[in-house]
Amino acid sequence: MRFLSRPWRRVTLITHIVSAGAWIGIDVMVAVLVGVGWFGPDPGVRGLAYQALGTFVVWPMLTSGLICLISGVVLGLGTKYGLLRYWWVAVKLALNLLLCTLILVLLQPGMDEVVAYGRELPRGTTDPDTVSSLFFPPAVSLTTLTIATVLAVVKPWGRITRRRSERRAVDRVAA
Ligand code: HEM
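Quick notes on the rules
- Residues numbered from 1 in each chain as written.
- Predicted model: local features only at pLDDT ≥ 70, side-chain atom pairs only at ≥ 80, totals over all residues.
- Heavy atoms only, no water.
- UniProt positions renumbered as here; feature names shortened; annotations may be inferred.
- Helix = DSSP H or I, 4+ residues; strand = E, 2+ residues; numbered from the N terminus.
- Near = heavy atom within 4 Å.
- Polar contact = N/O pair within 3.5 Å; in protein donor to acceptor, adjacent residues only side chain to side chain.
- 1 Å grid on protein atoms, 1.4 Å probe; cavity = no way out; pocket = protein on both sides within 12 Å on 5 of 7 lines; lining within 4 Å.
- Sits in = over half its atoms within 2 Å of the grid points.
- Expected span 1.5 Å × (residues − 1).
- Buried < 20%, exposed > 50% of the residue type's maximum accessible area, 1.4 Å probe, protein only.
- Arc of directions from axis to C-beta.
- Contact = heavy atoms within 4.5 Å.
- Points joined across faces, edges and corners; volume = space filled by probe spheres on them.
- Nonpolar A, V, L, I, M, F, W, Y, C, P; charged D, E, K, R; others polar.

With numbering aligned to this structure, UniProt lists the feature "transmembrane region" (unreviewed entry) at residues 12-36, 56-77, 89-111 and 131-154. In this annotation, residues 12-36 is assigned 100% helix and 0% strand; the end-to-end C-alpha distance for the span is 36 Å. Across residues 56-77 one finds 95% helix and 0% strand; the C-alpha atoms that close the span lie 33 Å apart.

The following block contains the structure:
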């Protein structure tokens, strides 16, 4: 099925690339805020970094991830690539779904604790576990999004399913 006309394919592709770029940018911002939270110059600045991280990051990140997912699915379904026809598309679909799930299941639930810790930090308090494991979200997400970008550009591994003409040839040989 190739229902996307040329102009619509362009619009969808631009949306897809911009949302992927925004997602990567938000991950970089998370890495910076975590860095300031850990190594910032004084407890006041470190506390503010944690409060910003816990308050502003998750929903924009999830929104860009979902826009990337939806535009990617439309591109897949609306072009020759399909959703489960080429390995590079199927793997990207799995990675995008995995990251959005991790945002909701692992990252979002800990954010209230991060904000509370940010508020308490200038008064002196011990790190909760959520804060010491904050290295992982930007590291995992940036690595995965880089892999997805490489897959999008290189388009490796070929098809999952055979072309119809190839299937007919195989059937003919078998018969
Ligand atoms: C995981 C996050 C994703 C990132 C970072 C990403 C990145 C990109 C980039 C940079 C391109 C442009 C490549 C080029 O024009 O050479 C692209 C194209 C594409 N992406 Fe994604 N993508 C992601 C998720 C997805 C998903 C979930 C799907 C579908 C299930 C998908 C399907 C496609 C398709 C079919 C194209 C080619 C569109 C065309 O040439 O018309 N992507 N992607």
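This paragraph deals with the site of the ligand. The environment of the ligand is made up of 23 residues, and the closest members are Arg-9, His-16, Gly-72, Lys-92 and Ala-152. Arg-9 is positioned with one of its side-chain polar atoms (N or O) 2.5 Å from an oxygen atom of the ligand. Judged by the fraction of its atoms near the pocket grid, the ligand is located in the largest pocket. Breaking the shell around the ligand down by element, the ones donating at least two residues are α1 (6-39), α3 (58-78), α4 (87-107) and α7 (136-154). The element best represented in the shell around the ligand is α3, accounting for 6 residues.

With 14 residues, helix α2 (residues 43-56) extends 20 Å between its outermost C-alpha atoms, agreeing within 8% with the 20 Å of an ideal straight helix rising 1.5 Å per residue. Within α2, burial applies to Arg-46, Gly-47, Ala-49, Tyr-50, Leu-53 and Gly-54. Taken end-on, α2 shows its buried residues confined to a sector of 155°, consistent with a single buried face. Across from the buried face of α2, at angles greater than 90 degrees, the exposed residues are Leu-48 and Phe-56. Packed against the buried residues of α2 are α1, α5 (111-120) and α6 (129-132). Its side-chain oxygen 2.9 Å from the backbone nitrogen of Gly-44, Asp-42 forms the N-cap of α2.

Turning to the layout of surface pockets, a few remarks are in order. Considered as a void within the structure, the largest pocket measures approximately 630 Å³ in volume. Looking at the largest pocket, it is lined by 31 residues, and the ones nearest its centre are His-16, Leu-75, Trp-88, Lys-92 and Ala-152. Those elements giving two or more residues to the lining of the largest pocket turn out to be α1, α3, α4 and α7. Broken down by element, the lining of the largest pocket gets its largest block of residues, 8 residues, from α1. For the lining of the largest pocket, the class distribution of residues is 20 nonpolar, 8 polar and 3 charged. Its volume calculated, the second largest pocket comes out at about 320 Å³. As for the second largest pocket, its lining consists of 16 residues, and the residues nearest its centre are Leu-102, Leu-106, Leu-107, Phe-136 and Pro-137. Those elements that place two or more of their residues in the lining of the second largest pocket are α4 and α7. The element best represented in the lining of the second largest pocket is α4, accounting for 5 residues.

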